[in-house]
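Fold and contact review
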Amino acid sequence: MPLLTDRFGRVHDYIRISVTDRCNLRCVYCMPEEGMTFLPHEKVLSKDEIIDFMKIMVGYGIKKVRITGGEPLLRTDIVDIIAGLSAIPEIEDIAVTTNAMYLVKKAEALKEAGLTRVNISLDSLQEDRFKTITRGGRLQKVLDGIAKAEEVGFFPIKLNVVLIKGQNDDEILDFLEFTRDKDINIRFIEYMPIGHAGDSWKKQYLSLQTIFDACDEAGFAYQPVDSIRGNGPSENFRLEGAKGTFGLIHPVSSHFCASCNRLRLTADGYIKACLYWDEEMNIRPLIKDPEKLMELVQQSIDNKPESHEMAIALQDEMQSHKPTTRRMSQIGG
Ligand code: SAM
Ligand code: SF4
């Protein structure tokens, strides 16, 4: 089987597909409160286009897929998308990243359709704060969503926590405590400058060394662990005696580009080989022409830079390429 290999020997076997750029929340690090323009419906890939695209991609070694957005559970055909993907035998793992506002309602149908696992975003365990960070989300809905995900048997369940200086960095220990009795994986993620050119992300960015410092200060002992399914770039640890684990994803302070195995497909059909740079290629017109489509995908991989330069953005230094102007909600994270 031909594999999707780049100039640096990185083999791409994982794709993150954004199925919508719309969202029912407006998280402060992801989208502005107002002024976003969304894709008109006809610009968004249909269920059949997504599934046809994936039928081609599995012939080139793609075997893991994550559905993201915007908020993927806003798609009224999300269950059919998952069912269509799970009918492709070569796909070994289908995950969804969600804000969980509709998870209680949709978890059972998603599980039956073949969804393997969910990542749930949860940036505060305090109701008011959660509402402020998400600009309107309800914490209880996420907690109910987590309980429902456990009940229907999604495993492992991962919670994504973007660490934001001055907004949730005093909750690190509370999040760690959350892993003591629950077999879940809490992943602390560094705040990334995606589509944030010229605004204030730097003031709110914190290196994940902060997590180790908080553990040391509180006297929390922890050990590294390495066997978490869908591990990706996360380094994982367990507090002594805890059922669950915590992971650190630190693209800014210490990037993991050398082991990058992922591609991204935007809701309007553009392949992005790197989350950070603006280069992208429109595959939508080629879904009925697999050979040409794969030429374009390979071209995109051939042009993939060796690494992103988020650390350089942090220092305000000149960068080698142009960063994307898409917001995270328009790429999918
Ligand atoms: N709406 C879904 C959700 O929030 O889980 C899926 C889409 S969201 C763009 C995917 C992930 O990206 C979320 O876990 C979110 O916290 C993360 N994210 C968004 N903007 C980010 C940023 N600037 N830095 C780091 N992570 C970010
Ligand atoms: Fe929506 Fe997810 Fe972005 Fe929050 S992080 S605004 S839930 S897309």
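Small disclaimer: the values here were computed from a predicted structure and weren't measured. (Residues numbered from 1 in each chain as written. Chains lettered and ligands numbered in written order. Predicted model: local features only at pLDDT ≥ 70, side-chain atom pairs only at ≥ 80, totals over all residues. Heavy atoms only, no water.)

Notes on the site of ligand 1
Operational definition: Near is defined per residue: the residue qualifies when any heavy atom it owns lies within 4 Å of the molecule or strand. We define a polar contact as two N or O atoms separated by no more than 3.5 Å, with the added condition that, inside protein, one atom must be a possible hydrogen donor and the other a possible acceptor, whereas residues neighbouring each other in sequence contribute only through side-chain atom pairs. To be clear on the numbers: accessible area is Shrake-Rupley with a 1.4 Å probe, and residue cover counts the displayed protein chains and nothing else. Only Asp, Glu, Lys and Arg are considered charged in this grouping, and only Ala, Val, Leu, Ile, Met, Phe, Trp, Tyr, Cys and Pro are considered nonpolar; every other residue, Gly among them, is considered polar.
The local shell around ligand 1 holds 17 residues, among which Tyr-29, Gly-70, Ser-121, Asn-160 and Met-192 are the closest. A distance of 3.1 Å separates a nitrogen atom of ligand 1 from a polar atom in the side chain of Glu-71. Interatomic distance of 3.0 Å between a side-chain N/O atom of Asn-160 and an oxygen atom of ligand 1. Surface burial for ligand 1 is 95%, taken as the share of its 550 Å² of free accessible area covered by protein chains. Of the residues that constitute the shell around ligand 1, the class distribution is six nonpolar, nine polar and two charged.

Let's talk about the site of ligand 2
Around ligand 2, the surrounding shell consists of Cys-23, Leu-25, Arg-26, Cys-27, Tyr-29, Cys-30, Gly-70 and Asn-99. In the shell around ligand 2, the residues fall into five nonpolar, two polar and one charged.

Some thoughts on the UniProt feature "binding site: S-adenosyl-L-methionine" (unreviewed entry) in the protein chain
Spelled out, the test is: UniProt positions are given in the numbering used here, feature names are shortened, and annotations may be inferred rather than shown by experiment. The helix count covers DSSP runs of H or I at least four residues long, the strand count covers runs of E at least two residues long, and both are numbered beginning at the N terminus. Here the term buried applies to any residue with accessible area under 20% of the maximum for its type, exposed to any over 50%, and partly exposed to those in between, with areas from a 1.4 Å probe on protein chains only. Residue contacts are counted whenever heavy atoms from the two residues lie within 4.5 Å of one another.
Mapped onto this numbering, the UniProt entry annotates "binding site: S-adenosyl-L-methionine" (unreviewed entry) at Tyr-29, Gly-70, Ser-121 and Met-192. Positionally, Tyr-29 belongs in the loop between strand S3 (14-18) and helix H1 (47-57). Its relative accessible area of 14% is what places Tyr-29 among the buried residues. If you trace the backbone, Met-192 turns up in the loop between strand S8 (184-190) and helix H7 (201-204). Given a relative accessible area of 14%, Met-192 falls into the buried group. With sequence-adjacent residues up to four places away left out, Met-192 is seen in contact with Pro-251, Val-252, Leu-275, Met-310 and Met-328.

Comments concerning the UniProt feature "binding site: [4Fe-4S] cluster 1" (unreviewed entry) in the protein chain
UniProt annotation of "binding site: [4Fe-4S] cluster 1" (unreviewed entry) refers to Cys-23, Cys-27 and Cys-30 when read in the numbering used here. As for its placement among the helices and strands, Cys-23 is situated in the loop between S3 and H1. Other than its neighbours up to four places away in sequence, Cys-23 contacts Met-31, Gly-70, Glu-71, Leu-74 and Asn-99. By the element assignment, Cys-27 lies in the loop between S3 and H1. The class for Cys-27 is buried, based on a relative accessible area of 15%. Residues contacting Cys-27, with those up to four places away along its chain left out, are Ile-133, Thr-134 and Arg-135.

Description of the pairing of S3
How we decide: Should DSSP find at least two bridges between two strands, the strands are taken to pair. A clockwise course of the path from the first strand over the helix to the second, judged with the strands pointing away from the viewer, identifies a crossover as right-handed.
For S3, the tally of buried residues reaches five of five residues, placing the bulk of the element in the interior. Across five bridges, the pairing between S3 and strand S4 (residues 64-68) is parallel. Within S4, the residue paired with Ser-18 across the bridge is Thr-68. Tracing the backbone out of S3, into H1 and back to the parallel element S4 gives a crossover that is right-handed. Of the strand pairs in this sheet, S3 and strand S12 (residues 262-265) are connected by four bridges, and their pairing is parallel. Across the sheet, residue Ile-17 finds its bridge partner in S12, namely Leu-265.

Section: the nonpolar core
Side chains that are nonpolar tend, in soluble globular proteins, to be buried together. Short version of the rule: We call a set of buried Ala, Val, Leu, Ile, Met, Phe, Trp, Tyr and Cys residues a nonpolar core when their side-chain atoms join them within 4.5 Å.
In terms of nonpolar packing, the biggest core is built from 102 residues, with Ile-15, Phe-53, Met-54, Met-57, Leu-85, Phe-188 and Val-297 touching the most fellow members. For this core, the element with the most residues is H1, which contributes six residues. Those residues within four positions of Ile-15 in sequence are excluded, and the remaining contacts are Phe-53, Met-54, Met-57, Ile-62, Lys-64, Val-65, Arg-66, Leu-263, Arg-264, Leu-265 and Ile-271.

Re the sheet that holds strand S11 (residues 245-249)
The 12 strands are arranged S9-S10-S11-S8-S7-S6-S5-S4-S3-S12-S13-S14 in an open sheet whose pairing can be described as mixed. Two strands close off the open sheet at either side, each with one partner strand: strand S9 (222-225) and strand S14 (281-282).

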